[in-house]
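# Understanding the architecture of this molecule
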Amino acid sequence: MRSTQARNEEYFSFLRSVSLLKDLPEEKLAKIVDCLEVDYFDEGEYIIREGEEGNTFFIIAKGQVSVTQTTEGCLEPQEIKTLGVGDYFGEKALISEDVRSANIISKENDTQCLVVDRDNFNQMVGTYEELQAYLREYVEQLSRGDEQRNAM
Ligand code: WNU
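Notes on the structure in this doc start here. All of these numbers come straight from a predicted model, not from anything done at the bench.

A few words on a negative patch on the surface. A cluster of acidic residues, Glu37, Asp39, Asp42, Glu43, Glu45, Asp117 and Asp119, forms a negative patch at the surface. Looking at where aspartate 117 falls in the secondary structure, it is placed in strand β8 (residues 111–117).

This is the structure:
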């Protein structure tokens, strides 16, 4: 079996490659690695459902996901983008203190996501004003985009 240390080193260097986290100090990143959970999803499986409460932030370590949203006048939720390795999602419910605003669905079998809970997310983001400002701005942009496409 792979040792915890080997696992942690692997995730540490992976997280270092995620643009959002590239400037975090070593000890901060190491702490996140210690608190990470890994979740596995099959093709078509919902990782996040629109309208549900959510307390977690996800980083894709393997595979691809589809982001879909219910919009006015459409019966089925529409795909608004796809995300892949190194992309992240789920920050909006945490930052806006709101329910999940889109669906996230695995596009492949064995999609792997690193999961950070609200407390660790706040620790990660809260202590870095630039990171916090960046995410807040991004989340506002998402809200404006949602409005323009008449998301419900
Ligand atoms: C979008 N509108 C909405 C994406 C991921 C990270 C960033 C875009 Cl910084 P949540 C559902 C999640 C949401 C976002 C993600 O879906 N999302 C979007 C949109 O146009 N959400 N409302 N595009 S991908 C993405 C920017 O992470 O967070 O907790 O759950 O509401």
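Looking at the ligand, there are 20 residues lining it, with Gly90, Glu91, Arg100, Ser101 and Asp146 nearest. In the environment of the ligand, an oxygen atom lies 2.7 Å from a nitrogen or oxygen atom belonging to the side chain of glutamate 91. For the ligand, an oxygen atom lies 3.4 Å from a polar atom in the backbone of lysine 92. Calculation on the ligand without its partners gives an accessible area of 610 Å², and the protein chains cover 98% of this total. Given that more than half its atoms are within 2 Å of the pocket grid, the ligand belongs to the largest pocket. Counting only elements with at least two residues in the shell around the ligand, the list comes to β4 (65–69), β5 (78–83), β6 (88–89), α3 (91–96) and α5 (129–148). Within the shell around the ligand, the residues separate by chemical class into 11 nonpolar, three polar and six charged.

So, how was this worked out
- Residues numbered from 1 in each chain as written.
- Predicted model: local features only at pLDDT ≥ 70, side-chain atom pairs only at ≥ 80, totals over all residues.
- Heavy atoms only, no water.
- Patch = residues over 30% accessible without salt bridge, like charges linked within 9 Å, V, L, I, M, F, W, Y side chains within 5 Å.
- Areas by Shrake-Rupley, 256 points an atom, 1.4 Å probe, with all protein chains shown as cover.
- Salt bridge = Lys/Arg side-chain N within 4 Å of Asp/Glu carboxyl O.
- Lys, Arg positive; Asp, Glu negative; His and termini not counted.
- Charge placed at Lys NZ, Arg CZ, Asp CG, Glu CD.
- Helix = DSSP H or I, 4+ residues; strand = E, 2+ residues; numbered from the N terminus.
- Near = heavy atom within 4 Å.
- Polar contact = N/O pair within 3.5 Å; in protein donor to acceptor, adjacent residues only side chain to side chain.
- 1 Å grid on protein atoms, 1.4 Å probe; cavity = no way out; pocket = protein on both sides within 12 Å on 5 of 7 lines; lining within 4 Å.
- Sits in = over half its atoms within 2 Å of the grid points.
- Nonpolar A, V, L, I, M, F, W, Y, C, P; charged D, E, K, R; others polar.

Keep in mind these values describe shape, not function.
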